[in-house]
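Summary of the model geometry
If you want the building blocks of each chain, they are given just below.
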Amino acid sequence: MSTQAQNAIVAAPVGATPLWRRVKRALMDRAVSPLFAVLLLVYWEFHVRYFGVDALLLPPPSHIAIAFWNGMASGLFLQHFAITIYRALSGFAMASLLGIALGAAISHFRFVEKTVYPWIVALQTVPKIAIAPLILVWCGYGSLSKVVTAALVALFPVLVNTIIGLKSCEQSKLDLMRSLRASRWLTFRLVELPNALPFIFAGLSVAAVFSILGALVGEFVGSKDGIGFLILDANYQLNIPRVFALLILLGLYGIICHLLLQFAHKKLVFWNEPKDVTSA
Amino acid sequence: MSTPSQHAATPVIELAGVSKTFSSASGERVRALDNASLRVAAGEFITVVGASGCGKTTLLRLIAGLERSTSGTIKINGDQQLGPSEQIGIVFQDPTLLPWRTVLENVLLPVQVLKLDPRVYRRRAMALLDTVGLAEFQNKYPHELSGGMRQRVAIARALVHDPAMLLMDEPFGALDALTRDQLNLELIDIWSATRKTVLLITHSITESVFLADRVLVMSPRPGRVVEEIAVALPRPRNLAIINSEAFGAHVARIRTRLGDGAARHPMQAMA
């Protein structure tokens, strides 16, 4: 009896969290960051209007919203956006295929590792963006130069992560396959490649962001269409609200890309929770 | 206990003067195993006990064909061993399950690699999972299982292609004491039912005596088999036997032998 009573006394505060505390926690978790953004936007609007900041330097959010709406409604944004996405995704696809294939070759064949890998490490230190003008010269003014720039920028995260992932396989798993006299190819297919998938996915999420970056840089260097062209064009016309509107569009694209890859990660690499990739 | 007729037959595992020397990157040479000789008859349960670094894992890897001996001969079923063989099933310290495969798919991995008939062996895999009490977990993934359950899956996987012998490298070392006792009992059941030849490595003296027909005691630097102790305890065994006087005598003998090994090379032990 006495122990039961004691248990009841001890259990009460632990078992039931008061409603107000749970509501507070839910608010903290979900509502705080959007609330912060709204407050910031309100202050921004207020500051620009009240202190008379030149709209050419910093347009108020309302102007940006109107510019965004106009751009979307006229179809101008989407038309150029489609072109840029096509370039970025083509570059992303190229980078993914090449990165995984090359990474597999490097981690599996000593000869390839010895000959190619030092150069890849050296190339990685070169800012790829600096090569963009050269690529324009080589690949022309059309889409190809943008696709190649996007692929080049996105290649390295995929490649490096593939190599790390393939090399991270535990020795005991390899021993297990060896004890069954499994061929190298079978060991690769059944153990090493799936084992590397979490790493490869981390590389792919970075590459998705990098590929849009590459496509934009390609368009900045020289293009007659695409979001990069639109941004430069708006900038020249001092249409700053439109520049901001286009940045929002790019931000939305980045978020959607990230969510899609995270979803794919959860489905395909279900045994390994995705880690948030914060490296830019 | 094995009968004399089994001893007369070809040993399943036969080591004669087997040594293994590793050279480190700095050129330093380490004698991991020195002049080991061993005959294991079919159906015997052998345990190898010793401190870490005494070469017991090297011994197992040599028998498994995962490592080449520096000198000496190793014969499996009377044939010169030339590398890994499907006659051997291995259970590692870590369950080594593939996290993207279900329990059943993990057990069937050797069947897939060895290109055996999946229909026939699927039934066998299910029966093995039933033996280790995991039949209803066949479609679960490893991360949904406890440590003990994972090691049970690893045992089922090691047995699925019906190898003649089972090599186990400290299979229960990472488990808690209660789960470990439970798995020791299950292992004895499996061994009794299948009559596989088992060679199990452990650093637990109690475990080595409880499971074995014979215990090999090893001492480090260089790794050597310093004594072979026949365990004269009746079977079937249950956990109560651990408290018996005879059991205690075996344990004491091994402990003394292990202590000897360390005391005899005080300088090497310090280095």
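Residues numbered from 1 in each chain as written. Chains lettered and ligands numbered in written order. Predicted model: local features only at pLDDT ≥ 70, side-chain atom pairs only at ≥ 80, totals over all residues.

With respect to the confidence of the model for chain A
Residues and elements named next belong to chain A. Summarising the model, chain A shows a mean pLDDT of 87, and 91% of its residues fall at 70 or more. Per-residue pLDDT stays below 50 along residues 1–12; that stretch engages in zero contacts with residues further than four places along the chain or on separate chains. In this model, residues 276–280 is a region of pLDDT below 50 whose contacts with residues beyond four sequence positions or in other chains number four contacts. (pLDDT = per-residue confidence, 0-100. Contact = placed C-beta atoms within 7 Å.)

A few points about the environment of T162(A)
All names here are of chain A. Topologically, T162 is positioned in helix α7 (residues 143–167). Judged by C-beta crowding, with 27 C-beta atoms within 10 Å, T162 ranks as buried. Sequence separation of T162 and A196 is 34 residues, and the distance between their C-alpha atoms is 6.7 Å. If we ignore the near neighbours within four places in the chain, the residues touching T162 are G99, I100, G103, A104, A196, F199, I200 and G203. (Helix = DSSP H or I, 4+ residues; strand = E, 2+ residues; numbered from the N terminus. Buried ≥ 20, exposed ≤ 12 C-beta atoms within 10 Å, placed from the backbone.)

Some details on the environment of L187(B)
Tracing the backbone through its elements, the reader meets L187(B) in helix α7 (residues 177–194). Taking the C-alpha atoms as reference points, L187(B) and A230(B), separated by 43 residues in sequence, lie 19 Å from one another.

Focus on the pairing of strand β6 (residues 88–91) of chain B
All names here are of chain B. Here β6 shows two buried faces, one formed by I88 and I90 and the other by G89 and V91. The pairing of β6 with strand β7 (residues 165–169) spans four bridges and is classified as parallel. Within β7, the residue paired with V91 across the bridge is M168. (Pairing = 2+ DSSP bridges.)

Overview of the interface of chain B and chain A
Listed as interface residues are 17 residues of chain B and, on the opposing side, 14 residues of chain A. Mapped onto the side of chain B that touches chain A, the elements with two or more residues apiece are β6 and α4 (109–113) of chain B. Classifying every residue of the side of chain B that touches chain A by side-chain character gives 13 nonpolar, two polar and two charged. (Nonpolar A, V, L, I, M, F, W, Y, C, P; charged D, E, K, R; others polar.)

Considering helix α10 (residues 227–236) of chain A
Residues and elements named next belong to chain A. Listing the buried residues of α10 in full gives I227, G228, L230 and I231. What you see down the axis of α10 is that its buried residues fit within an arc of 165°, all on one side. Among the residues trailing α10, L238 stands out with phi positive, at a value near 55°. (Arc of directions from axis to C-beta.)

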